[in-house]
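One-letter residues, chain by chain:
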Amino acid sequence: MQSSPLVWHNGKLKPLHEATVHVGAHALHYGSSVFEGIRVYATPDGPRYFRLVDHTERLLLSAKVYDLDIPYSREAINRACEDVVAANGLASAYVRPIAYRAGFTFSLAPSRDVPVEFAVIAIEWGSMHGAQALEDGVDVCVSSWNRAAPNTYPTGVKAGGNYLSSQLIAQEAVRGGFAEGIALAPGGCLSEGAGENLFIVRGGKIYTPPVGASILAGITRDSVLTLARERGIEVIEQSLPREFLYFADEVFMTGTAAEVTPVRSVDRKPVGAGKPGEVTRALQKAFFGLFDGSTANTHGWLTPIANHEHVGSSQGWLRFDPADAQATAQMEAA
Ligand SMILES: Cc1ncc(COP(=O)(O)O)c(C=O)c1O
């Protein structure tokens, strides 16, 4: 993977080889990092971030769970994300902000003075499963690995350590000749892919596992559900047994990296007609239309690179109690 030459690291743009970590860094040993994947799309008006504000919000909430004190404000994080794209002259990008416990300690309960560092890397990256996959769909399997139970570690937090689970799911799938693996939640119902949320279409309605099914509440998931509702498509968030995958007319997955990827087979059984269906196509059109202007940006999801005025308001990718929002704001202000 080729990073763009300049990386934002601890307050400065620097060449990639200078943005290094200590081998004793806590995050390297124990997965104590929180991160985001965010896309910048080339639009007719120039490069635009897709839901930067919401990704930063999720990053800060992830950090809150692990008492990881990111030494930069929300505004500075947004600006760093913008600066790394601008400095590298990227028209489109996949951007990876990451905060990590950089200090050298083997303690499992590190004190808050163990330093936390912050970096933003930008790469040029097409869709995770390739452009053809967006057209034809991908072949997936159900993984022998389950997602973590909610009382083990939080899957709704985008922490580095969580991705050991995703690696096992993805590696097993690739070994079996599949593009991706779908994991079950601890109770046996469907959860999500190694790096994507999961959707099933049956009888013109969209079904997707709820946030309680050990998923990461994806920002693309929220975007697609919003676009679907706006187009009069009924959306049902509920526990779904595995056989729904085989009963489905259509299956698709969403994620910042995977965008809106149709699934054409599960466990070598064709999904519906074995090619992307009408609802998946309509949602792909609506989603990608945001970036060529054919879908109106009515939610303020697209923001320019050099304009910092948009910073600060969450647009509700995860609908949570306003008291939490207030507590987060207070933590930020402190
Ligand atoms: C485990 C997992 N689920 C779902 C998603 C999709 O989330 P988003 O749409 O916010 O990228 C991702 C990607 O970030 C992921 O890693």
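Residues numbered from 1 in each chain as written. Predicted model: local features only at pLDDT ≥ 70, side-chain atom pairs only at ≥ 80, totals over all residues.

Enquirer: Whenever I open this one, the overall build of the protein confuses me. Can you help?
Expert: Along the backbone of the protein there are 9 helices and 17 strands. Computed over C-alpha atoms, the radius of gyration of the protein comes to 20 Å, within 12% of the 20 Å expected from 2.2 N^0.38 for 334 residues, which places it in the range of a compact globule. In terms of its C-alpha atoms, the protein occupies a principal-axis envelope of roughly 55 × 45 × 40 Å. The burial tally for the protein puts 42% of its 334 residues in the buried class. The contacts of the protein with a sequence gap of at least 6 include a subset with a gap of at least 24, amounting to 71%. (Helix = DSSP H or I, 4+ residues; strand = E, 2+ residues; numbered from the N terminus. Rg over C-alpha atoms; globule rule 2.2 N^0.38 Å. Buried ≥ 20, exposed ≤ 12 C-beta atoms within 10 Å, placed from the backbone. Contact = placed C-beta atoms within 7 Å.)

Enquirer: I would appreciate a short explanation of the confidence of the model for the protein in the present structure.
Expert: Low-confidence regions, as indicated by low pLDDT, have predicted coordinates that should not be scrutinised in detail. When pLDDT is averaged across the protein, the result is 92; 92% of the residues are at 70 or more. Scored below 50 in pLDDT, residues 307-332 shows 31 contacts in the model against residues more than four places distant or in partner chains. (pLDDT = per-residue confidence, 0-100.)

Enquirer: Explain the site of the ligand here, please?
Expert: Near the ligand lie 14 residues; those nearest to it are Gly218, Ile219, Thr220, Gly255 and Thr256. When residues of the shell around the ligand are traced back to their parent elements, those giving at least two are helix 6 (219-230) and strand 14 (250-255). (Near = placed C-beta within 6 Å.)

Enquirer: What is the right way to look at the pairing of strand 11 (residues 197-202) in this model?
Expert: Consecutive side chains of a regular strand alternate in pointing toward one face of the sheet and then the other. Summarising burial for strand 11: 5 of the 6 residues are buried, a large majority. Pairing of strand 11 with strand 14, which is carried by 5 bridges, proceeds in the antiparallel orientation. Bridge pairing in strand 14 links phenylalanine 199 to phenylalanine 252. One ladder, built from 3 bridges, connects strand 11 with strand 12 (residues 205-208); its direction is antiparallel. Directly across from arginine 202, in strand 12, lies its bridge partner lysine 205. (Pairing = 2+ DSSP bridges.)

Enquirer: Help me understand the pairing of strand 15 (residues 259-266), please; the structure alone is not making it clear to me.
Expert: Counting buried positions along strand 15 yields 7 of 8 residues, so the element is predominantly enclosed. One ladder, built from 3 bridges, connects strand 8 (residues 138-146) with strand 15; its direction is parallel. Looking at the pairing, aspartate 139 lines up with serine 265 of strand 15. For strand 14 and strand 15, the ladder comprises 5 bridges, and the chain directions are antiparallel. Bridging from a neighbouring strand, methionine 253 pairs with threonine 261 of strand 15.

Enquirer: Would you explain unusual backbone geometry in this entry?
Expert: Leaving glycine out, the prevailing phi sign among residues is negative, and the prevailing peptide bond configuration is trans. In this structure, asparagine 10 is a non-glycine residue whose phi angle is positive, near 50 degrees. In this structure, asparagine 10 sits in the loop between strand 1 (6-9) and strand 2 (12-15). The backbone of arginine 268 shows a phi angle near 70 degrees, a positive value even though the residue is not glycine.

Enquirer: Got a minute to help me understand the domain arrangement of the protein in this structure?
Expert: In many analyses, interface size is given as the accessible surface area lost on bringing the parts together. Structurally, the protein comprises domain 1 (6-125 + 300-333) and domain 2 (131-292). Taken together, the 25 residues of domain 1 in the interface contact 15 residues of domain 2. Where the side of domain 1 that touches domain 2 is concerned, the elements lending two or more residues are helix 1 (26-30), strand 3 (33-35), strand 4 (38-43) and helix 2 (52-65). (Domains from an automatic or database assignment.)

Enquirer: Please clarify how the packing of helix 2 against helix 3 (residues 74-87) should be interpreted in this entry.
Expert: The description of two packed helices rests on the angle between their axes and on the distance between the axes. Contact geometry for helix 2 and helix 3: axes closest at 10 Å, N-to-C directions at 125 degrees. Looking at the two axes, helix 2 sits oblique to helix 3. Helix-helix and strand crossings are classified by hand; for helix 2 and helix 3 the assignment is right-handed. Residue-level contacts link Leu52, Thr56, Leu59 and Leu60 of helix 2 to Arg74, Ile77, Asn78 and Cys81 of helix 3. (Axes fitted to C-alpha atoms, helices over the stretch in contact; angles between N-to-C directions. Parallel < 35°, antiparallel > 145°, perpendicular 65-115°, else oblique. Left-handed = near helix turned anticlockwise from the far one by under 90°.)

Enquirer: Please explain the packing of helix 6 against helix 8 (residues 278-292) as it appears in this structure.
Expert: The interhelical angle for the contact between helix 6 and helix 8, taken along N-to-C directions, is 110 degrees, at an axis separation of 10 Å. Considering the angle they form, helix 6 stands roughly perpendicular to helix 8. You can see that helix 6 and helix 8 cross each other, and the crossing is right-handed. Touching Ser223, Val224, Leu227 and Ala228 of helix 6 are Leu283, Ala286 and Phe287, all from helix 8. Residues that form the contact of helix 6 with helix 8 fall into these classes: 6 nonpolar, 1 polar and no charged. (Nonpolar A, V, L, I, M, F, W, Y, C, P; charged D, E, K, R; others polar.)

Enquirer: Sorry, what's going on with the nonpolar core here?
Expert: Among soluble globular proteins, nonpolar side chains are generally buried collectively. The biggest cluster of nonpolar side chains holds 43 residues, and the ones touching the most others in it are Val140, Leu190, Phe199, Ile200, Val251, Val263 and Leu283. What leucine 283 contacts, discounting residues up to four positions off in sequence, is Val224, Leu227, Ala228 and Val260. Judged by nonpolar contacts, the second largest core, of 37 residues, contains Ala80, Val84, Val85 and Ala99. (Core = buried A, V, L, I, M, F, W, Y, C linked by C-beta atoms within 7 Å.)

Enquirer: Would you mind going over helix 3 with me for this structure?
Expert: An α-helix turns once every 3.6 residues. As a result, residues three or four positions apart point the same way. Between its terminal C-alpha atoms helix 3 stretches 20 Å, which fits the 20 Å expected from 14 residues at 1.5 Å a residue. Of the residues making up helix 3, those classed as buried are Ile77, Asn78, Ala80, Cys81, Glu82, Val84 and Val85. (Expected span 1.5 Å × (residues − 1).)

Enquirer: Would you take a moment to explain the environment of valine 174 for this structure?
Expert: Turning to its location among the elements, valine 174 is positioned in helix 5 (residues 163-175). The class of valine 174 is partly exposed, set by 13 C-beta atoms lying within 10 Å. Counting along the chain gives 155 residues from valine 174 to alanine 19, while the straight-line C-alpha distance between them is 31 Å.

Enquirer: Looking at this structure, I do not really get helix 6. What am I missing?
Expert: With 12 residues, helix 6 extends 17 Å between its outermost C-alpha atoms, agreeing within 8% with the 16 Å of an ideal straight helix rising 1.5 Å per residue. Among the residues of helix 6, those classed as buried are Ile219, Thr220, Arg221, Asp222, Ser223, Val224, Leu225, Leu227 and Ala228. Residue glycine 232 follows helix 6 closely and has a positive phi angle near 75 degrees.

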